[in-house]
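# A look at the structure
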Amino acid sequence: MSTTPKPPSSEDILGQKYDRCLADFLVKAGVGFSAGVVLSVVLFKRRTWPIALSTGFGAGIAYADCDRSFNPARIPGTRIVSQLSNAEGK
Amino acid sequence: MYRTSRLALAASRGAVRVVRRRLTTEPPSAAPLPPKKKRHVVRNILLSTTVLVGTFYVGSTFFAFKNEAYYQFFSERVPLGYSMLEYAEDNQWETMTLESAINSATQRFTSAQRYVTDKISGATPTVQDAKQAVKNTRDSTVKAIQDSKDRATSAAARIRTEIKKDASGANAILRDQSEQFSRGVDDLIREAQAALAKGVDVAKLPISPEVAAAPSPTDDTTVYNAPLPVGFELPPGYSRPKPAKKPQAAPTEETTARLLRLSPALSSITSSEPIIAHLAGTIDELTAYVEANPAATAKAASVLETAKSDLTALATRIDKVREDERAELEAKLDDQTREYTVKLMELEMEAQDRLDGQEQEFRRFFDEERGKLTQAYREKLENELQTQTELINERLKEEVIAQGIELQRRWIREIKVRVEEERGGRLAKIDELSANLKRLERVALDNSTYLDENIRIHALWSALRALSTSALASPVRKSFREELRVLRHVAAAREDPVAAAALESLEGSDVPDVGVEPFADLATWFAREVAPKVSHVALVPDQNAGLLSHLASRAFAGLRFKRHGLVSGDDVLSVLARAEYYLNEKDLDSAARELNQLGGTAKLLLHDWLEAARRRLEVQQALEVVQAQATLASLLVV
């Protein structure tokens, strides 16, 4: 993308993250949609809500993963103490 | 002793004179016997006291010289003792020996003898004198023999002492010899004594006729000893005893005056023969008587004449006889003296010969002994000398060796010292030379170092320029390891610690391999890539920035106004604006500093750019340091 030969340049990290999140969202949302379709067809007599639900699940999972990629310290059930974060920030 | 005898002699002589005077002064008729006895007593007492006193004083003096205590006593207690001792000391009696006394005595005696012989030859010898002379000669011979004996014994003793002194410690032969000699001397002495006895006998023999002859004149006239009555005369042919002889001379003198007197004619005889004088006196008296009676003159004249002629004849006869006697006696005496002197001489000669012979023998023997002894002693001495010389040689050898060692040591020390001195001198010269050389060397070295330094600085500058050209000023990023190595070697050759440290830190990293971004690239990179993307995350919080915040930041960042120039503020956009400004000013250092202040996501995005910028800045800084050092070095050199 730039003149620098090295592939992972630091200024491109965020863009890559965005790219991966989008890809992941699409895949997971697509998988959820697919699963919702199958379920709605097989189990719920062609109802729409299982499709939306599973797509939602997929999108949610994708979002959670993306968020975690942006902020790896954010782990469920854990909280980073501000002091440490302050020290790191400094 | 001699003095005492002389004193006694003098005293006796004096006494005789006194007696004679008395005899002459007193009349012949006076009875002489009682006073004679008295006088004898006085004389004896005087004589004996004189002799005793003399003997006492002289003996005491001699004894005082032998005994100290008696000397004290004699000088202090005895009257005239001190003066006597003083006289003795003045005449050196203490040194007087028997021999010297005898010598002096013999001298005195020989003088006395001469006097006697003079008297004898002087034609007035009486029988008494002759007797005395004979006695004296006998005494002298005795004394002479005694003297010779004494001399012989003293000579023997002297020789003996000499032998003893010379060969004391000699062997038995010598002693035997000396004994033999002493025996010989004893024999000699005995012989001499025998000769003396013989001589005395011989001397006595002629004396006896003389003694017999002496009273012969008195025997011719009968001696009338009885006392005569007063006025009576002795008949012719009779005479008074001897002591009364002399007084008759005086009356004869009286009678000679008147007639032809007989006494003057016979005066030469009467003086020596009192009897004749007496006869002449009687005849003169008779003549006087005849003269007094002229009647009887004629008768008596012829008788008197005959008597006179007879008397003169008798006188002449007596004279003649006496002369003969005297001549005979003198001849005999002469013979005897000659004989004895010859004998004495012979004896002396013999003794002398014997003594000489023995002395020679002893001398020979003594010489032999001395030779032997000297030989033995010489041998002993030679042995001793040899051993001594050996010892001394050995000691000397040792000493010589020791001294040689000592000398060698000393020489070595001296040589060392001299060598040291010389070395010191030479070293001093060498030091001087070396100092000069060093100075030269230093100058040359200085020069060379100067040149070297110049060359090195030049090389440094060249390398530095090459490095800066390749590393910083190149339009593309490329490796500058080679240039850095050259520069580092040049700097290391100069031993510049600062530059070396800077270059080493630079070389330690991988920067020279990868090279540094050119400033244009960095600026472009920042302006096109980094700055917009950082401005997109400008609103993202530093912590707990999730997806939403990022998305929101991205959404709202586009809505904000872009700032330019040196703007104040701590926010990301202001910082970015300042960095951009600095980069436009070509101040990469300040831009990097500004950007380095950012934190959070922005820092993450800026990481690579900052890294590149920092690398470039490091190289730049190192090169600046080296350049400063090079400048300093060139300044120092010039």
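Residues numbered from 1 in each chain as written. Chains lettered and ligands numbered in written order. Predicted model: local features only at pLDDT ≥ 70, side-chain atom pairs only at ≥ 80, totals over all residues. Heavy atoms only, no water.

Filter applied, for reference: UniProt positions are given in the numbering used here, feature names are shortened, and annotations may be inferred rather than shown by experiment.
The name given to chain B in an unreviewed UniProt entry is MICOS complex subunit MIC60, with the source organism recorded as Mycena alexandri. Turning to chain B, the UniProt record has this under Subunit (unreviewed entry): "Component of the mitochondrial contact site and cristae organizing system (MICOS) complex." The annotation that UniProt attaches to chain B under Subcellular location (unreviewed entry) is "Mitochondrion inner membrane".

If you look chain A up in an unreviewed UniProt entry, it shows as MICOS complex subunit MIC10 from Mycena alexandri. As its UniProt record puts it under Function (unreviewed entry), chain A is described as follows: "Component of the MICOS complex, a large protein complex of the mitochondrial inner membrane that plays crucial roles in the maintenance of crista junctions, inner membrane architecture, and formation of contact sites to the outer membrane." Chain A has a UniProt comment under Subcellular location (unreviewed entry) that states "Mitochondrion inner membrane".

## Structural notes on the overall build of chain B
Rules: Where helices and strands are cited, they refer to DSSP runs of H or I of at least four residues and of E of at least two residues respectively, numbered from the N terminus. We call a residue buried when its accessible area falls under 20% of the maximum for its residue type, exposed when it is over 50%, and partly exposed in between, using a 1.4 Å probe and counting protein chains only. Note on contacts: a residue pair is in contact if any heavy atoms of the two residues lie within 4.5 Å. Under the convention used here, a 1.4 Å probe and the Shrake-Rupley method define accessible areas, while residue burial counts only the protein chains that appear.
What chain B contains, in helices and strands, is 20 helices and 2 strands. Counting across all 638 residues of chain B, residues that qualify as buried make up 30%. Within chain B, counting contacts between residues at least 6 apart in sequence, those at least 24 apart form 63% of the total. Total accessible area on chain B is roughly 41100 Å²; 58% of this is exposed by carbon and sulfur atoms.

## Some points on the packing of helix 19 (residues 588-596) of chain B against helix 20 (residues 600-637) of chain B
All names here are of chain B. Which entries qualify depends on this criterion: With axes taken as lines fitted to C-alpha atoms, and helix axes fitted only over the stretch in contact, angles between N-to-C directions fall between 0 and 180 degrees. When an angle is under 35 degrees it counts as roughly parallel; over 145 it counts as roughly antiparallel; between 65 and 115 it counts as roughly perpendicular; any other value is oblique. The crossing is said to be left-handed when, going from far helix to near helix, the turn is anticlockwise and less than a right angle, and right-handed when the turn is clockwise. Three classes are used: nonpolar for Ala, Val, Leu, Ile, Met, Phe, Trp, Tyr, Cys and Pro, charged for Asp, Glu, Lys and Arg, and polar for all others, with Gly counted as polar.
Interhelical geometry of helix 19 versus helix 20 gives an angle of 150° and a closest axis separation of 10 Å. Taken together, the axes of helix 19 and helix 20 are roughly antiparallel relative to one another. Helix-helix and strand crossings are classified by hand; for helix 19 and helix 20 the assignment is left-handed. When helix 19 is examined against helix 20, the residues L588, D589, A592, L595 and N596 are found in contact with a partner set consisting of K603, L606, W609, L610, A613, R614, R616 and L617. In terms of residue class, the contact of helix 19 with helix 20 is made up of 8 nonpolar, 1 polar and 4 charged.

## Points about the interface of chain B and chain A
Rules: Simply put, the buried area is the total loss of 1.4 Å probe accessible area from both parts when two parts are fitted together. The term salt bridge refers to a side-chain nitrogen of Lys or Arg lying within 4 Å of a carboxyl oxygen of Asp or Glu. Each polar contact in these results corresponds to two N or O atoms within 3.5 Å; when the atoms are within protein, one needs to be able to donate a hydrogen and the other to accept it, and residues that are neighboring in sequence are counted only if both atoms are side-chain atoms.
On the side of chain A, 20 residues touch chain B, which itself brings 21 residues to the contact. Summed over both sides, the interface of chain B with chain A buries roughly 1700 Å², with 55% coming from carbon and sulfur. Linking chain B with chain A are 1 salt bridge, by the criterion used here. At the boundary of chain B with chain A, the tally comes to 7 residue pairs in polar contact (both at pLDDT 80 or more). If you list the elements that add at least two residues to the side of chain B that touches chain A, you get helix 16 (519-536), helix 17 (547-557) and helix 20 of chain B. With 7 residues, helix 20 of chain B is the largest single contributor of residues to the side of chain B that touches chain A. When its residues are assigned to classes, the side of chain B that touches chain A shows 11 nonpolar, 6 polar and 4 charged.

## Focus: the environment of L522(B)
Residues and elements named next belong to chain B. Assignment of secondary structure puts L522 in helix 16. The exposure class assigned to L522 is buried, which follows from its relative accessible area of 0%. Taking the C-alpha atoms as reference, L522 lies 9.5 Å from L610; in sequence the two are 88 residues apart. L522 has contacts with E517, L588, W609, A612, A613 and R616, leaving out every residue within four places of it along the chain.

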